[in-house]
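Listed here are the chains, written in short residue letters.
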Amino acid sequence: MGALCVIFSALSATAGPIPVPKFRSAVAPAYLSYSKEIECLARAIYFEARGESRDGQRAVAHVVLNRVESGFYPNSICGVVYQNDHLRDACQFSFACDGTPDRIKDPEAYETAETIAKRSFARDGWWRVINSDLARSTHYHADYVKPWWAKKLERTGQIGRHIFYYTATM
C-alpha cells in the first residue's frame, strides 16, 4: 500500500494541476472585448469598402460575422479579420497583409464604418435590409480580380464593385 501512494504522489507531482474545463457553447464566439471587436470590424469595413454604399459596407460586415459563426474560421472578429496577416498578400482581407500602413485618412468614412460595425454586431432590424442570399455570404472580391476560389463557391450577388459568394461547406 505504501508503494502505491508513492507512485500516485510521483504521478501527480509530474502531471501538474488538473485543468478545469471551460464550458461554453460551441457556437459562442470568443470575443476579445466589445470595443476591440468593433474596432477590428470597423477597420475591415473602412479599408475594404469605404468607397462602397452603406449596403456594400454592411455586406462586408456580413462576411466577417458569417465567418465568425461558421466554425471554419477563427471565432472572433479580430481573429477573422487578421487571419494569416503574417502572409504577404495571402491573408483573408487584403488590407491586413498588403504591406501598406493602415492609416485612417478619412475620419468621417471611419465614423460611418464604426457605426455600421456597431449596428451589424448588434444584428438589429437594420441588419436585415440586405437580401437573404447576399446576407449568408462568406467571401467576396473586387470585380477587377478573378481569384481561383471563386469558381468553387456559390455566387450570392454583387453590390458596387464587390462580388459576394457562399460556400456550402460552411
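Treat the numbers as computed from the prediction; the structure is a model and nothing was measured.

Peer 1: Help me understand the pattern of salt bridges, please; the structure alone is not making it clear to me.
Peer 2: Charged atoms that come close allow side chains of opposite charge to pair. Tallied over the entire structure, the rule returns five salt bridges. As a salt-bridge pair, Asp55 and Arg58 come within 2.2 Å of each other at their nearest N and O atoms. Remark: Arg58 and Asp55 occur in helix H3 (residues 54–70); sequence separation between them is three residues, near one turn of the helix. As a salt-bridge pair, Arg136 and Asp133 come within 3.8 Å of each other at their nearest N and O atoms. Among the ionic contacts, a cluster of salt bridges with common partners joins Asp133, Arg136 and Glu154.

Peer 1: So what exactly am I meant to see when it comes to the layout of surface pockets here?
Peer 2: The probe, sized like a water molecule, is rolled over the atoms to show the empty space still left. By volume, the largest pocket is sized at about 760 Å³. What lines the largest pocket is a set of 28 residues, and nearest its centre among them are Glu48, Gln92, Ser94, Tyr140 and His141. Taken together, the residues that form the lining of the largest pocket break down as 14 nonpolar, seven polar and seven charged.

Peer 1: Explanation requested: the packing of aromatic side chains in the structure shown.
Peer 2: Describing an aromatic ring pair means giving the distance of the ring centres and the angle of the ring planes. Counted under the stated rule, the structure contains eight aromatic pairs. For the ring pair Tyr82 and Phe95, a centre distance of 5.8 Å and an interplane angle of 70° mean the geometry is edge-to-face. Of this pair, Tyr82 sits in the loop between helix H4 (77–81) and helix H5 (107–122) while Phe95 sits in the loop between H4 and H5, placing them 13 residues apart in sequence. For Tyr82, a relative accessible area of 23% corresponds to the partly exposed category. Taking the centre distance of 6.1 Å and the plane angle of 45° together, the rings of Phe93 and Tyr140 count as tilted.

Peer 1: How should I be thinking about the state of the cysteines in this particular structure?
Peer 2: As used here, a disulfide is simply a covalent bond connecting the sulfur atoms of two cysteines. Taken as a whole and assessed by the stated rule, the structure comprises two disulfides. The side chain of Cys40 participates in a disulfide bridge whose partner is Cys78; the two sulfur atoms lie 2.0 Å from each other. Taking the sign of the torsion about the S-S bond as the criterion, the disulfide between Cys40 and Cys78, at about 95°, is right-handed. Here Cys78 lies in helix H4 and Cys40 lies in helix H2 (residues 34–49), a separation of 38 residues in the sequence. Each member of the pair, Cys40 together with Cys78, is buried. Through a disulfide, Cys91 is tied to Cys97; the S-S separation comes to 2.1 Å. One disulfide, between Cys91 and Cys97, carries an S-S torsion of -85° and so falls in the left-handed class. Cys97 shares its class with Cys91; the two are buried. Counting its disulfide-bonded cysteines in sequence order, the chain shows a connectivity of 1-2, 3-4.

Reading the values: the criteria
- Residues numbered from 1 in each chain as written.
- Predicted model: local features only at pLDDT ≥ 70, side-chain atom pairs only at ≥ 80, totals over all residues.
- Heavy atoms only, no water.
- Salt bridge = Lys/Arg side-chain N within 4 Å of Asp/Glu carboxyl O.
- Helix = DSSP H or I, 4+ residues; strand = E, 2+ residues; numbered from the N terminus.
- 1 Å grid on protein atoms, 1.4 Å probe; cavity = no way out; pocket = protein on both sides within 12 Å on 5 of 7 lines; lining within 4 Å.
- Points joined across faces, edges and corners; volume = space filled by probe spheres on them.
- Nonpolar A, V, L, I, M, F, W, Y, C, P; charged D, E, K, R; others polar.
- Phe/Tyr/Trp six-rings, centres within 6.5 Å; stacked < 30°, edge-to-face > 60°.
- Buried < 20%, exposed > 50% of the residue type's maximum accessible area, 1.4 Å probe, protein only.
- Disulfide = S-S within 2.5 Å.

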